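Each chain, letter by letter, is given below.
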Amino acid sequence: MTRILHLSVHTSPLAPLGGRDAGGMNVYVLELSRALGELGYQVDVMTRLDGDLPPIAPLGPNVRLVRLAAGPPLPLPKDDIARCGAEFAREALAFVAREGRGYDLIHSHYWQSARIGLALARAWNVPHAVMFHTLGAVKNRARVSEAEPRRRIAAERLAARRADAVVTASRHERELLVRDYGADPSRLVTIPCGIDLELFAPRNRAQARARLGVPPEPPLLVWVGRLEPLKGVDILVDAFAQLQRRDALLWIVGGDTDAEAYRSALEAQARERGVRERVRFTGPMPHTELPWLYSAADVCVVPSYYESFGLVAVEAMACGTPVVASRVGGLAETVIDGVTGYLIPWRCPEPFAEKLDVLLANPELRANFGRAGRRVAERFRWPSVAARIASLYEALRAGRRRGARFRDEIYEATLLAGGQL
Ligand code: UDP
């Protein structure tokens, strides 16, 4: 059985979602590892132990979570976790020695894991695939969050050049890696993120509203995610205040105690604009509850300054809800402007308000966008996404065995799969 190691050092796939550091990547790692387990791979996901938790926990058939002690067993800020890298790598080597069996391939997530993955792949002489999820240089360019440390960008640059393959979830991220990081295009593979289409499916709107306690009549806009400035929720609050419909409601879903400062600023902004009583900050919602939320909503808004893929937009579309999103990163490749929602090229509230007014005034348009959204979301079915990742793994392993160039192997695998990698 092929054994795959996923490194997700700074955050666990079982971390509660919607906090500052747990969002799309956690969902991705959990779902991908489970889908690979279904395909017959044996998968371990390694993360840092950050509480009084068992060192090994099952995640599904063939899939385990392995928690390694590196640094104090407590939640730590990301910067402090970065300092535990060498200890984590030593613990990983010791774990493999103890178990007496190694891995056939490493797949690292985020720059902190990529750094450790490079070292482990070298020690074990196995192929290494990396996925960054977000890029430090791009976050810095957006200039709305704290500046990302130089060592992050240096680590990303190194991993982009040294890893056997870099998986990007969008063509946009691929271009950035080539242009800003000097990555070799022949090592980049674009495979979108997947969606659980059974979970994220349209539900009855009246039932959904009753379940969440939303009155049946007023329009409901929703925003979902990790509550941080890069998500552009300030643009949404201003757009909301400009809407013609004065009875509309806005639910902001996500954001735990780590997000207190941003949340207070947004509350103050809503108060100043005279809409505070119609804006509700719900805090994080369980992932399995979100299909009800999207189904209760008239529109899901994703006003991010940057989004490398943007799972929330696709989840909403899968539930038949139109999306109004910034035309940035992966969103420009999942939301189809004028078909499943609208893409707004400017980071300012007026064009958001304009498109939201159009949608709120037009139930038929919303229904059409919703139906189209579901069809588009069906392209992101997990089993087919996982099969593409698996063919990448096989190509990398075959390349290692034959000493062939990665590009040739990918090309061959693509031809065999009869599709585009
Ligand atoms: N999410 C959740 N509950 C919350 C907030 C977010 O389950 O309260 C999930 C959401 O469904 C999505 C993920 O967190 O799957 C956020 O992913 P996205 O790609 O939109 O943003 P990222 O976290 O990658 O910036």
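Residues numbered from 1 in each chain as written. Predicted model: local features only at pLDDT ≥ 70, side-chain atom pairs only at ≥ 80, totals over all residues. Heavy atoms only, no water.

1. Considerations on the site of the ligand
And then number 1: Surrounding the ligand, one finds 20 residues, the nearest of these being Gly24, Arg226, Lys231, Met285 and Glu315.
And then number 2: Between the ligand and Arg226, the relevant distance is 2.7 Å, taken from an oxygen atom to a side-chain nitrogen or oxygen of the residue.
And then number 3: If the ligand stood free it would expose 540 Å²; the protein chains cover 93% of that surface.
And then number 4: Those elements giving two or more residues to the shell around the ligand turn out to be α1 (24-38) and α12 (311-318).
And then number 5: With three residues, the top contributor of residues to the shell around the ligand is α12.
And then number 6: Residues that form the shell around the ligand fall into these classes: nine nonpolar, seven polar and four charged. (Near = heavy atom within 4 Å. Polar contact = N/O pair within 3.5 Å; in protein donor to acceptor, adjacent residues only side chain to side chain. Areas by Shrake-Rupley, 256 points an atom, 1.4 Å probe, with all protein chains shown as cover. Helix = DSSP H or I, 4+ residues; strand = E, 2+ residues; numbered from the N terminus. Nonpolar A, V, L, I, M, F, W, Y, C, P; charged D, E, K, R; others polar.)

2. Section: the environment of Ala248
And then number 1: Counting through the fold element by element, Ala248 comes out in the loop between α9 (233-241) and β10 (249-253).
And then number 2: Along the backbone, Ala248 and Met285 are 37 residues apart, and their C-alpha atoms lie at a distance of 21 Å.
And then number 3: Other than its neighbours up to four places away in sequence, Ala248 contacts Pro219, Phe240, Leu243, Arg278 and Leu360. (Contact = heavy atoms within 4.5 Å.)

3. Looking at the pairing of strand β2 (residues 42-48)
And then number 1: For β2, the buried fraction is high: six of the seven residues fall into the buried class.
And then number 2: Where strand β1 (residues 3-7) and β2 come together, five bridges link them in parallel fashion. Bridge pairing in β2 places Ile4 opposite Val43.
And then number 3: Viewed along the sheet, the connection from β1 through α1 into β2 turns out right-handed.
And then number 4: In terms of strand pairing, β2 meets strand β4 (residues 63-68) through six bridges, oriented parallel. Within β4, the position partnered with Val43 by the bridge is Val63. (Buried < 20%, exposed > 50% of the residue type's maximum accessible area, 1.4 Å probe, protein only. Pairing = 2+ DSSP bridges. Right-handed = clockwise from strand over helix to strand, strands pointing away.)

4. Observations regarding the sheet that holds strand β5 (residues 105-109)
And then number 1: With mixed pairing, eight strands are arranged side by side in an open sheet as β3-β4-β2-β1-β5-β6-β7-β8. Each end of this open sheet is capped by a strand with a single partner; those strands are β3 (56-60) and β8 (188-190). Looking at each pair of strands side by side, their axes are set apart by 25 degrees on average, direction ignored.
And then number 2: For strand β7 (residues 165-168) and β8, the ladder comprises three bridges, and the chain directions are parallel. Looking at the pairing, Thr168 lines up with Thr190 of β8.
And then number 3: Lying over the sheet, helix α4 (residues 110-124) contacts β1, β5 and β6 (128-131), oriented at roughly 165 degrees with respect to β5. (Axes fitted to C-alpha atoms, helices over the stretch in contact; angles between N-to-C directions.)

5. Quick word on the pattern of salt bridges
And then number 1: Counted by the stated rule, this structure contains 30 salt bridges.
And then number 2: Its salt-bridge partner being Asp44, residue Arg3 comes within 3.6 Å of it at the nearest N-O pair. A residue pair is termed long-range when its members are at least 10 positions apart, and Arg3 in strand β1 and Asp44 in strand β2 qualify at 41 residues. Comparing Arg3 with Asp44, the two get one shared label, buried.
And then number 3: As a salt-bridge pair, Glu307 and Lys231 come within 2.9 Å of each other at their nearest N and O atoms. Taken together, the residues Glu307 in the loop between β12 (299-302) and α12 and Lys231 in the loop between β9 (220-224) and α9 connect sequence positions 76 residues apart. With respect to class, Glu307 is no different from Lys231; both count as buried.
And then number 4: Here the salt bridges do not stand alone but share partners, grouping Arg3, Asp44, Arg64, Glu99 and Arg101 into one network. (Salt bridge = Lys/Arg side-chain N within 4 Å of Asp/Glu carboxyl O.)

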